[in-house]
Amino acid sequence: MQEDCIKEMIFFMAKMKYWNGSSWEILDAKDADTLDGKHAETALTTTEKNDLAGAINEVKSSVDVHKADGAQHAKTARFVIGTSTAGWTLENCDYLCDGVNDQVEIIQALEALPETGGEIVILDGTYNIRASINIPKDNVSIRGNGNDTILKRMYKSTNTDSGSTARGLITLNGKSGCKIQGLQIDGNETEYTASYNCGIYLYSSNNNTVTGNTCNNNSYGIRINGNELDSYSNDNTITDNTCYNNDYGIYLYSSSNNTVTGNTCNNNNYGILLSFSNDNTVTGNTCNNNNIRGIRLSPFSNDNTITGNTCNNNNFDGIDLSSSRGNTVTGNTCNNNKYGICLSLSSNDNTITGNTCYNNSTGIYLLSSNNNTVTGNTCNNNSTGIDLSSSRGNTVTDNTCNNNNTGIYLVSSSRNTVTSNTCIRGTGQTSDYDLTQYTILLKDSDNNYNLISSNNCMGRAVVIEGGTGNTVFNNKRDASDDIQNAKTARFVIGTSTAGWTAKDCDYLCDGVNDQVEIIQALEALPETGG
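In this text the structure is predicted, and so the values were computed from the model without any measurement.

(A) Summary view of the overall build of the chain. Along the backbone of the chain there are five helices and 40 strands. Buried positions account for 50% of the 530 residues belonging to the chain. Within the chain, residue pairs in contact and separated by at least 24 positions form 46% of the contacts whose partners lie at least 6 positions apart. Working note: accessible area of the chain is about 21900 Å², and carbon and sulfur atoms make up 45% of it.

In structure tokens:
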């Protein structure tokens, strides 16, 4: 009798939880027979002495030791959830699901957490979710056991940001400090096809972390949302998630200063998409084999950093910028797409540098996009290395565009600077080219006032089919040519009355005393001439 009382006492105490400095832990195991060795042995040894009061006091003393460290010890700060369909019982967890409306127990556990937050641990198993799980407070962590913890959609979302039919199977609305980790969110898209269905959905929520989840078969795997008028989702970290077989793997809308890093977004329509989203960092992600694009910024997504991503084998673009400006796209690998990197529809003032674009139809493509800097990229073995179409004022320099049908191609493009690029086929012999292959080609008659200089075009000279005011000189044609690299040996002079700016030339005349700038340029040449 006394031993049974002791075990019941120990069982009660074993359910207490304490903060170990980084996470909440159960003080001791739930089963009195497998209680932490020291405490169980002490209690039962005392029982053998028939000293019930002594046993209770010794267990209490052990608990007091944990409390004496000054840390917080709140039983309600961590709950464990299991499902009977995976063999779990109430011996193993605080809330037991039954495979029917499993969101009920999960929501009960969330609501039972204190206002200061806490942690929900969901054990292995498949949980059938028939309504959105809305996180009710800040600083809440939901943690599963990776792909062994499956939350399966069994309902249709509507166009709402909260409530039972909210967009997300897990929804955060106006929350901060939360962490969603180690869950598989199965959107069950063959049964539930609503375009609003999201695996994990953040609305107007800041400083949250979404990490280590798998989101498949959703309309949106992970969606971070604000609205462009007065509400934003900022400073969230989306890392190490796997999103496949979704319409959109990861989608940011009206969201800024977020970090999207180390995610794998393959076999979606879009791997990662940013819309109306500024100052985000998208780095180290893998976006392959998507039906449309690997990474896209469209529209009005400005001043983002897109770096170190791998975007291969997408049906259209590896990386696409549409109506977006001021972005930095650097160090990415974009192979075997239609376009490796594409800028279109007034995507201006972007920097495209240090990227690798192989085996695409076009390595880097600028369409109706102005004043971009394209430098230090490697665009080999494409049909066209770099293509400027209806684009003006761009700087294309120090790129390597080898073994393409056309290294660099301009059509209906004006006032661009194309210098110091290498565009050769094979070993740069005339025999390495047929009549349809070019180093640099200015196609048709609507290319005007471009500067084509100091490029390595061994095997075939630059071809200009027409246009006005194009300057082509000092391009290496064969082994006997020597590209002059002395910057002070050449100055370019233009006049603002013809639309030139200081970006286009070294000396800018104004239509008044234009001899002044011309004489200044002449006097600035070295004694050896220029």
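(B) Local environment of the side chain of Asn348. Secondary-structure assignment places Asn348 in the loop between strand 27 (339-344) and strand 28 (351-353). Residue Asn348 is classed as buried on the basis of its relative accessible area of 10%. Dropping the residues within four chain positions of it, Asn348 is found in contact with Ser324, Arg325, Gly326, Ser368, Ser369, Asn370 and Asn372.

(C) Up close: a nonpolar patch on the surface. Taken together, the side chains of Ile493, Ile518 and Leu522 define a hydrophobic patch exposed on the protein surface, amounting to about 260 Å² of accessible area. Secondary-structure assignment places Ile518 in helix 5 (residues 515-524). Classification of Ile518 by relative accessible area gives partly exposed; the value is 39%.

(D) Region of the structure containing helix 4 (residues 103-112). Within helix 4 the residues assigned to the buried category are Gln103, Glu105, Ile106, Ala109 and Leu110. Seen from one end, helix 4 has its buried residues packed into an arc of 165°, which puts them on one side.

(E) A look at the environment of Ser390. Tracing the backbone shows Ser390 in the loop between strand 31 (384-389) and strand 32 (395-397). Not counting chain neighbours up to four residues away, the residues in contact with Ser390 comprise Ser368, Ser369, Asn370, Val411, Ser412 and Ser413.

(F) Summary view of the packing of aromatic side chains. Applying the stated criterion to the full structure yields twelve aromatic pairs. Relative to Tyr251, the ring of Tyr220 lies with its centre 5.3 Å away and its plane at 25°, an arrangement referred to as stacked. Linking Tyr220 in strand 16 (residues 220-225) with Tyr251 in strand 19 (residues 248-253), this pair joins segments that are 31 residues apart in sequence. Among the residues examined, Tyr220 registers a relative accessible area of 11% and is labelled buried. Their ring planes at 70° and their centres at 5.6 Å tell us that Tyr253 and Phe276 sit as a pair that is edge-to-face. Of the two residues, Tyr253 is situated in strand 19 and Phe276 in the loop between strand 21 (270-275) and strand 22 (281-283); the sequence distance between them amounts to 23 residues. The structure contains a cluster of three or more aromatic residues connected by ring pairs, namely Tyr220, Tyr248, Tyr251, Tyr253, Tyr270, Phe276 and Phe300. Taking the ring centre of Tyr155 as reference, the NZ or CZ of Arg153 above it sits at 4.6 Å. A cation over a ring is seen here: Arg415 above Trp500, with NZ or CZ 4.1 Å from the ring centre.

(G) Layout of the sheet that holds strand 18 (residues 242-244). If you walk across this open sheet you meet the five strands as 6-9-12-15-18, and the pairing is parallel. The open sheet has two free edges, formed respectively by strand 6 (125-129) and strand 18, since each of these has just one partner strand. The average angle at which neighbouring strand axes cross in this sheet is 15°, direction not considered.

(H) Representation of the confidence of the model for the chain. Confidence in the prediction for the chain averages 88 pLDDT; 84% of positions are at 70 or higher. Note that pLDDT drops below 50 for residues 1-24; the model gives that stretch 63 contacts with residues more than four away or on any other chain. In this model, residues 27-50 is a region of pLDDT below 50 whose contacts with residues beyond four sequence positions or in other chains number 48 contacts.

(I) Here's a closer look at the pattern of salt bridges. Inspection of the entire model under this criterion finds nine salt bridges. Linking Lys137 and Glu115 is a salt bridge whose minimum nitrogen-to-oxygen distance equals 3.8 Å. Here Lys137 is found in the loop between strand 7 (133-134) and strand 8 (140-143), whereas its partner Glu115 is found in the loop between helix 4 and strand 5 (118-122), with 22 residues between them in sequence. Given a relative accessible area of 6%, Lys137 falls into the buried group. A salt bridge links Arg293 to Asp320, with the nearest nitrogen and oxygen atoms 3.3 Å apart. With Arg293 in strand 23 (residues 293-297) and Asp320 in strand 25 (residues 317-322), this pair connects stretches of sequence that are 27 residues apart. Both residues of the pair, Arg293 and Asp320, count as buried. Taken together, the shared-partner salt bridges connect Arg293, Arg296, Asp317 and Asp320 into one network.

(J) Broad picture of the environment of Asn216. The residue Asn216 is located in strand 15 (residues 214-216) in this model. Sequence separation between Asn216 and Tyr244 is 28 residues; the distance between their C-alpha atoms is 5.0 Å. In this structure Asn216 touches Gln184, Ile185, Asp186, Gly187, Tyr244, Asn245 and Asn246, once residues within four positions along its chain are discounted.

(K) View of the pairing of strand 13 (residues 198-203). Most of strand 13 sits inside the fold, with six of its six residues counted as buried. Sheet topology note: the strand 10 (residues 168-173)/strand 13 ladder contains five bridges and is parallel. Residue Asn173 lies in a different strand from strand 13, and its bridge partner there is Tyr203. Here five bridges tie strand 13 to strand 16, and the two strands are oriented parallel to one another. Within strand 16, the residue paired with Ile200 across the bridge is Ile222.

(L) Inspection of unusual backbone geometry at higher detail. Cis rather than trans, the peptide bond between Ser298 and Pro299 has omega equal to -25°. Looking at the secondary structure, you find Pro299 in the loop between strand 23 and strand 24 (305-307). With a phi angle near 50°, Ser254 is a residue other than glycine that sits in the positive phi range. The exposure class assigned to Ser254 is buried, which follows from its relative accessible area of 1%.

(M) Expanded view of the pairing of strand 19. Of all the six residues making up strand 19, five are buried; the element is thus mostly covered by neighbouring parts of the structure. As paired elements, strand 16 and strand 19 share five bridges and run parallel to each other. For Ile224, the partnering residue across the bridge sits in strand 19 and is Leu252.

About the thresholds
Residues numbered from 1 in each chain as written. Predicted model: local features only at pLDDT ≥ 70, side-chain atom pairs only at ≥ 80, totals over all residues. Heavy atoms only, no water. Helix = DSSP H or I, 4+ residues; strand = E, 2+ residues; numbered from the N terminus. Buried < 20%, exposed > 50% of the residue type's maximum accessible area, 1.4 Å probe, protein only. Contact = heavy atoms within 4.5 Å. Areas by Shrake-Rupley, 256 points an atom, 1.4 Å probe, with all protein chains shown as cover. Patch = residues over 30% accessible without salt bridge, like charges linked within 9 Å, V, L, I, M, F, W, Y side chains within 5 Å. Salt bridge = Lys/Arg side-chain N within 4 Å of Asp/Glu carboxyl O. Arc of directions from axis to C-beta. Phe/Tyr/Trp six-rings, centres within 6.5 Å; stacked < 30°, edge-to-face > 60°. Lys NZ or Arg CZ within 6 Å of the ring centre and 35° of its normal. Pairing = 2+ DSSP bridges. Axes fitted to C-alpha atoms, helices over the stretch in contact; angles between N-to-C directions. pLDDT = per-residue confidence, 0-100.

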